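Close look at the chain arrangement
Residues per chain are reported as follows:
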Amino acid sequence: MKEAEMTIPHLFMCPISLELIKDPVTLCTGQTYDRSSIEKWLAAGNLTCPVTMQKLQDPSMVPNHTLRHLIDQWLRMGTQFDPVLCKVDCLASLKKNLESDEATMEYKCQTLQKIQALTEESQSGNSCLLQLGFLPLLLELLFGKAESKLSQERVKFAEQALSWVLRLLSLGEYEYLDMLKEESKLESFQVLFDQGTDQIKRSLCQIIEAISSSMDTRELCAKLGENRKLLKGLILLVHQTYNASESGIKAISALCCLESNRQNLVQEGVMNTLLNYIYDAERHERNSAPAALSTIELLLELENAKAALISNPNGIKALVKMVFRFSEHEGSESAVRSLIIICTDSLQAREEAIGAGVLTQSLLLLQSQCSGRTKTKAIMLLRLLRSKWDEEPKHL
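Residues numbered from 1 in each chain as written. Predicted model: local features only at pLDDT ≥ 70, side-chain atom pairs only at ≥ 80, totals over all residues. Heavy atoms only, no water.

Selection rule: UniProt positions are given in the numbering used here, feature names are shortened, and annotations may be inferred rather than shown by experiment.
The name given to the chain in an unreviewed UniProt entry is U-box domain-containing protein, with the source organism recorded as Salix viminalis. What the UniProt record of the chain gives under Pathway (unreviewed entry) is the line "Protein modification; protein ubiquitination." According to its UniProt record, the chain has this under Function (unreviewed entry): "Functions as an E3 ubiquitin ligase."

Description of the sheet that holds strand 1 (residues 24-26)
Condition: Being paired, for any two strands, means DSSP has found at least two bridges between them. Put simply, DSSP H or I for four residues or longer makes a helix, DSSP E for two residues or longer makes a strand, and each gets a number counted from the N terminus. Note on contacts: a residue pair qualifies if any of its non-hydrogen atoms lie within 4.5 Å across the two residues. Note on method: axes are straight lines fitted to C-alpha atoms, helices fitted across the in-contact stretch only, with angles between N-to-C directions ranging 0 to 180 degrees.
Ordered in space as 2-1-3, the 3 strands form an open sheet in which the pairing is antiparallel. The strands lining the two open edges of the sheet, one partner per strand, are strand 2 (32-34) and strand 3 (62-63). As paired elements, strand 1 and strand 3 share 2 bridges and run antiparallel to each other. Of the residues in strand 3, the one forming a bridge with V25 is P63. Packing against the sheet, helix 1 (residues 35-43) makes contact with strand 1, strand 2 and strand 3, and its axis sits at approximately 95 degrees to strand 2.

Considerations on the side chain of D34
Note the following rule: The rule is simple: take the accessible area with a 1.4 Å probe, protein chains only, and divide by the maximum for that residue type; under 20% is buried, over 50% is exposed, in between is partly exposed. Positive: Lys, Arg. Negative: Asp, Glu. His and the chain ends are not part of the count. For this analysis, a salt bridge means a side-chain nitrogen from Lys or Arg found within 4 Å of a carboxyl oxygen belonging to Asp or Glu. Throughout this description, a polar contact denotes any pair of N or O atoms lying within 3.5 Å of each other; where both atoms belong to protein, one of them has to be capable of donating a hydrogen while the other can accept it, and for residues adjacent in sequence the pair is counted only when both atoms sit in side chains.
The topology assignment puts D34 in strand 2. Lacking a salt bridge, the buried D34 has R68 as its closest oppositely charged neighbour, with an N-O distance of 7.5 Å. A distance of 2.6 Å separates the side chain of D34 from the side chain of S36, its partner in a polar contact.

Brief notes about the packing of helix 8 (residues 183-195) against helix 11 (residues 228-240)
Describing two packed helices takes the angle between their axes plus the distance from one axis to the other. To keep things clear, this is the line we draw: Working rule for angles: under 35 degrees goes down as roughly parallel, over 145 as roughly antiparallel, 65 to 115 as roughly perpendicular, anything else as oblique. By definition, turning the near helix anticlockwise from the far helix through less than a right angle yields a left-handed crossing, and turning it clockwise yields a right-handed one.
One way to put it is that helix 8 packs onto helix 11 with a least axis distance of 11 Å and a crossing angle of 20 degrees. In terms of their interaxial angle, helix 8 and helix 11 are classed as roughly parallel. As for the relative orientation of helix 8 and helix 11, their crossing is left-handed in sense. Taking contact as the criterion, the partners of F189, Q190, F193 and D194 in helix 8 are, on helix 11, K229, L230, G233, L234 and L237.

Quick word on empty space enclosed by the protein
The test is simple: Method remark: on a 1 Å grid restricted to protein atoms, a set of points is classed as a cavity if a 1.4 Å probe fits but cannot get out and as a pocket if it is open with protein on both sides within 12 Å along at least five of seven lines; lining residues have an atom within 4 Å of a point. Grid points are joined across faces, edges and corners, and a volume is the space filled by probe spheres set on the points. Residue polarity follows a fixed list, in which Ala, Val, Leu, Ile, Met, Phe, Trp, Tyr, Cys and Pro are nonpolar, Asp, Glu, Lys and Arg are charged, and the others, Gly among them, are polar.
A complete count under the given rule lists 1 cavity of 30 Å³ or more for this structure. Size it by volume and the largest cavity reaches roughly 30 Å³. As for the largest cavity, its lining consists of K145, E147, L150, R154, S188, V191 and L192. Looking at the lining of the largest cavity, the element that brings in the most residues is helix 8, giving 3 residues. Grouping the amino acids of the lining of the largest cavity by side-chain chemistry returns 3 nonpolar, 1 polar and 3 charged.

A closer look at the nonpolar core
Which entries qualify depends on this criterion: We define a nonpolar core as any set of buried Ala, Val, Leu, Ile, Met, Phe, Trp, Tyr and Cys residues linked to one another through side-chain atoms lying within 4.5 Å.
F143, M271 and L339 are the most contacted members of the largest nonpolar core, which has 118 residues in total. The element best represented in this core is helix 7 (residues 152-169), accounting for 9 residues.

In structure tokens:
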């Protein structure tokens, strides 16, 4: 179908020319324009965003490939195009409801539910919401205003809003999370984490994972690692909250991408928490034991982490316990590698490992269906224990 025969969706219309966007580019304000239109605007000496009238701190333009793809799809499919984009005006109106300072939290919750109803069967729903600026808006509503105590309505809204934030972050727009560099917004994040429900805590842990996974937000990842209150909260989450311990371990593991974060986590006692989690949990509760083990292995690059492991009365036992598990080999290699690291220089660790049954566990692992690499590591551990035993003086 020809462009002239179709009503152009609001999302695809340049705010300056009011015509179909040919080459979409986005300014630092988050607003998208046709390249030729915004270039003329800037060339005329204007230093503001035409829609928001904000002063442009950075006049550079970023190609909006997502919107270009949607426009190309619309031109190809015509009336068969995703129906959610025919509801853009309705979504834009709902966005204004969220932006309103007069709207109650209950009303905003209802608004999010309406958005869900409009987009739930759409393949392009999330992309459309992203283009309309819902992600920065939701982040601002969640973290823009610091509150010392959360109301029940605020908690309910946070649960829904965080769910939407995670959906939109799945499209990879992590740079919006840099807003958390501001102390007031990070404080709001902390209040939500401290006072929120288990669902909120799990969602915030997923946001920490997203921040840690992107090079674009490495500076923010380091800032989170400097927040000792947040680190203590994550460690406490693993220790005390059954329904959210798995999320806490994943967030801790993600933060360990930076050495400075690893140092701070060890200083806050993360080794004891991870070791006790592995040692105390029953098999059906150990969903995150492999993640905990791989984190422990990474932390053992630090001398204070090694000291924490040796001083934990059940530390070596916990690692030995994970060397071999019937029908489960995930985590076995990390357990074996961690034992190799700690047993290489510590007689106490070697004696405790042997006393905890590491020889039997390793032999069982060698007879199992685990990977060849894991078996190679098990053989290395056995040889290490044998060679160290031969080197040690024997007292008759």
